[in-house]
Amino acid sequence: MGEFKVHRVRFFNYVPPGIRCVAYNNQSNRLAVSRTDGTVEIYNLSANYFQEKFFPGHESRSTEALCWAEGQRLFSAGLNGEILEYDLQTLNIKYALDASGGPIWSLAASPSGSQLLVGCEDGSVKLFEVTPDKIQFARNFDRQKSRILSLSWHPAGTHIAAGSIDYISVFDVKSGSTLRKMIVDRQHLGMTKSKCIVWGVAFLSDGTVISVDSVGKVQLWDSATGTLVKSHLIANADVQSIAVADQEDSFVVGTAEGTVFHFQLVSVTSNSSEKQWVRTKPFQHHTHDVRTVAHSPTALISGGTDTHLVIRPLMEKVEVKNYDAALRKITFPHRRLVSCSKRRQLLLFQFAHHLELWRLGSTAATGKNGDTLPLSKNADHLLHLKTKGPENIICSCISPCGSWIAYSTASRFFLYRLKYVRDNISLQRVSKMPAFLRSALHILFSEDSTKLFVASNQGSLHIIQLLEGSFKHLHSFQPQSGTVEAMCLLAVSPDGNWLAASGTSAGVHVYNLNHLKLHCTVPAYSFPVTALAIAPNTNNLVIAHSDQQVFEFSIPDKQYTEWSRTVQKQGFHQLWLQRDTPITHISFHPKRPMHILLHDAYMFCIIDKSLPLPNDKAVLYNPLPPKDESDVFLRRTTHAFKISKIYKPLLFMDLLDERTLVAVERPLDDIIAQLPPPIKKKKFGT
């Protein structure tokens, strides 16, 4: 693989937003994750933990709570005082309802999913009925003296527990009246704090209420008598979150020190039927506050300020000891934030509220394999394009010729014409873009930069012809009758004849751009698509799925290619299938039609279709550099997979020309350096 010059780019100053709350749905095995900028992401845990959907953030939305209700419906609430419901088909917000109680701190769905509770700043607890179309206010419970920071239903749906400042309230759901108040202790290591914030509560079937608070305690209460049963001091800082397993035999808590503690219900003695809660395992997978936790049947899930979503499998609950039993850390979005103009060697970086355009540096030096070459000209920051309004950018793209930039928010679509005069750049906005282009989920330019393809959240695909400083709407492909499915990924053939589109489910549709009609649909596959691209000359469509399978489909023949059938017959190498980050980009070498180039966050791979596939006994990765020319030749001809793990974490990689690659990396240390400092913990000897 020493035949490429590589532009190693590390000036994409991207910092993922921190994680504020998570909600696990046991029925669909999906996880909703809310971030500090208001973005909500949906992860399909059954599809190799793939981020299959996302809702863009908004400056005015600070999401404090998430929950799933009846019929796989997702709700959130935040400090703007509104309850939101999300449309999981079209990936937009169905409606926003003001709860009329000030900022909302907590939200919980009843065990049946037919009712919602919200806890507000003014001390009110409000009950809403979940109707087929919306939610409807039912009644208020007895108002408390301070804000309601946490809520939990009794599994029978008859009582609720509410955590406030300095006390926990138990309510009767039928009457809405307060049955009991339990005062929490402000003492911490002999010192009395000014207040104790109850950050989380959990109501168990036997009437036990578990609370976590700002003095570092996990406490168990008897809700019938209002008495403290057991107290565990586990941290010198806040314990901020709690989640209980469905079987109520274990629970997990997260602390401001970055530690996650696992508690289990175990027998007091080997022959005893009496059980007690015991702290069994501490996990230190975070550097900063653990703001939220969830408990799936087989794993502990946590997230916080350090931006990592951590999934820690419980080994005793995992039946097969395979890669599903491995710890996973998800840091970067499973979609592209970088686009490239090969002709002008430009990179467009997407942030939440602005775009940056950079010109790559260059070198006149030469060297041998592995050498770092000095730059004769540094990279130039050409453009900083800030969005107007509070909405986050959903997607963006720069044309291959570098003369057009397009991006979309939830309510507007923007198209700009760029002109270059020596080292100066001028920007002209194209006005009166049609309203149907807004909320685009993917934008793509044709290879000759004359057409713009826009994937809508309503399932339609729009084709725009680009003129000098203006545009013309050519055609729109409408979704199949009876379906409204957001289109998330697009690929256009280099000759401009074919367009492939993938939705939020696993289907891929191919359209004929000459006759403007649907050409064929790729046979359905059970895992979502993570990347797709159409090869030059052959017009073979290469599709990567979240389970790490790669298919090659011949568009002219409307069937899988012979190579793809061979791959499915023999199967991929075991280590290839065990990778835990999805392929996010696929491209092709212009002079080598047998090569497929693809990458995920931790590896770059060239698949040579002319060589045999590796079996499980073959060495898939070659971590050591080649010793000599014969070793290089041997590695090239051993099997089809040539993999490099030099560049990581890898946000983008593509060919600029037949001898040059560009790799955009984002080292985790650079992200951590931009986060607020963690709580300082005294270590031995310091």
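Residues numbered from 1 in each chain as written. Predicted model: local features only at pLDDT ≥ 70, side-chain atom pairs only at ≥ 80, totals over all residues. Heavy atoms only, no water.

Going by what an unreviewed UniProt entry lists, the protein is known as U3 small nucleolar RNA-associated protein 4 homolog and is assigned to Nannospalax galili.

### Let's talk about helix α1 (residues 562-570)
Going by this rule: Type-normalised accessible area, obtained with a 1.4 Å probe on protein chains alone, sets the label of each residue: buried when under 20%, exposed when over 50%, and partly exposed for intermediate values. Here a helix means four or more residues in a row that DSSP labels H or I, a strand means two or more in a row labelled E, and each is numbered from the N terminus. This arc describes the spread of directions from the helix axis toward the C-beta atoms. The criterion used for residue contact is that any of the two residues' heavy atoms lie within 4.5 Å.
When we look at burial in α1, the residues that qualify are Trp563, Ser564 and Val567. In an axial view of α1, the angular spread of the buried residues amounts to 100 degrees, which keeps them on one side of the axis. Projecting away from the buried face of α1 at angles above 90 degrees are the exposed residues Glu562 and Lys569. On its buried face, α1 sits against β50 (550-554), β51 (559-560), β53 (592-599) and β54 (604-608). Following α1 by one or two positions, glycine 571 has its phi on the positive side, about 90 degrees.

### Things to note about the pairing of strand β38 (residues 413-421)
Inclusion rule: Strand pairing follows a simple DSSP-based rule, namely that at least 2 bridges must link the two strands.
With 7 of 9 residues buried, β38 lies mostly within the body of the structure. Where strand β37 (residues 404-408) meets β38, 5 bridges bridge the pair, whose relative direction is antiparallel. Each bridged residue has a counterpart across the sheet, and for tryptophan 404 the counterpart in β38 is arginine 417. Linking β37 back to β38 in an antiparallel pair, the connection comprises 4 residues. In terms of strand pairing, β38 meets strand β39 (residues 424-429) through 6 bridges, oriented antiparallel. Within β39, the residue paired with valine 421 across the bridge is asparagine 424.

### With respect to the packing of aromatic side chains
Under the convention used in this document: For this analysis, a ring pair means two rings from Phe, Tyr or Trp (six-membered ring only for Trp) whose centres lie within 6.5 Å, classed as stacked if their planes differ by under 30 degrees, edge-to-face if by over 60, and tilted for the remaining angles.
Per the stated rule, a full pass over the model turns up 20 aromatic pairs. Pairing phenylalanine 12 with phenylalanine 351 gives two aromatic rings, centres 5.2 Å apart and planes at 80 degrees, and the pair type is edge-to-face. Remark: phenylalanine 351 occurs in the loop between β33 (346-350) and β34 (354-359) and phenylalanine 12 occurs in the loop between β1 (5-9) and β2 (19-25); sequence separation between them is 339 residues. What makes phenylalanine 12 buried here is its relative accessible area of 0%. Where phenylalanine 551 meets tyrosine 560, the ring centres are 5.5 Å apart and the plane angle is 35 degrees; that geometry is what we call tilted. Looking at phenylalanine 551, the relative accessible area reads 6%, which means it is buried.

### Some details on the pattern of salt bridges
This is how the line gets drawn: A pairing counts as a salt bridge when a side-chain nitrogen of Lys or Arg comes within 4 Å of a carboxyl oxygen of Asp or Glu.
Evaluation of the coordinates by the stated rule reveals 19 salt bridges. The partner of glutamate 52 in a salt bridge is arginine 30, and the shortest N-O contact between them spans 2.4 Å. Taken together, the positions of glutamate 52 in strand β5 (residues 50-55) and arginine 30 in strand β3 (residues 30-35) put the pair 22 residues apart, joining distant regions of the chain. Across the salt bridge formed by lysine 419 and glutamate 468, the nearest N and O atoms sit 3.8 Å from each other. Taken as a pair, lysine 419 in strand β38 and glutamate 468 in the loop between β42 (461-467) and β43 (470-477) lie far apart in primary sequence, 49 residues in all. Owing to a relative accessible area of 56%, glutamate 468 belongs among the exposed residues under this scheme. Shared partners join several salt bridges into a network, and the residues in it are Arg8, Arg10 and Glu665.

### Some thoughts on the environment of threonine 255
Looking at the secondary structure, you find threonine 255 in strand β25 (residues 250-255). Other than its neighbours up to four places away in sequence, threonine 255 contacts Ile234, Ala235, Asp238, Val239, Gln240, Phe261, Asp289 and Val290.

### Brief notes about the environment of glycine 102
Here glycine 102 shows up in the loop between β9 (92-98) and β10 (104-109). Exposure remark for glycine 102: the relative accessible area of 33% places this residue in the partly exposed category. As for glycine 102 and glutamate 121, which are separated by 19 residues in sequence, their C-alpha atoms are 5.5 Å apart. Those residues within four positions of glycine 102 in sequence are excluded, and the remaining contacts are Gly81 and Glu121.

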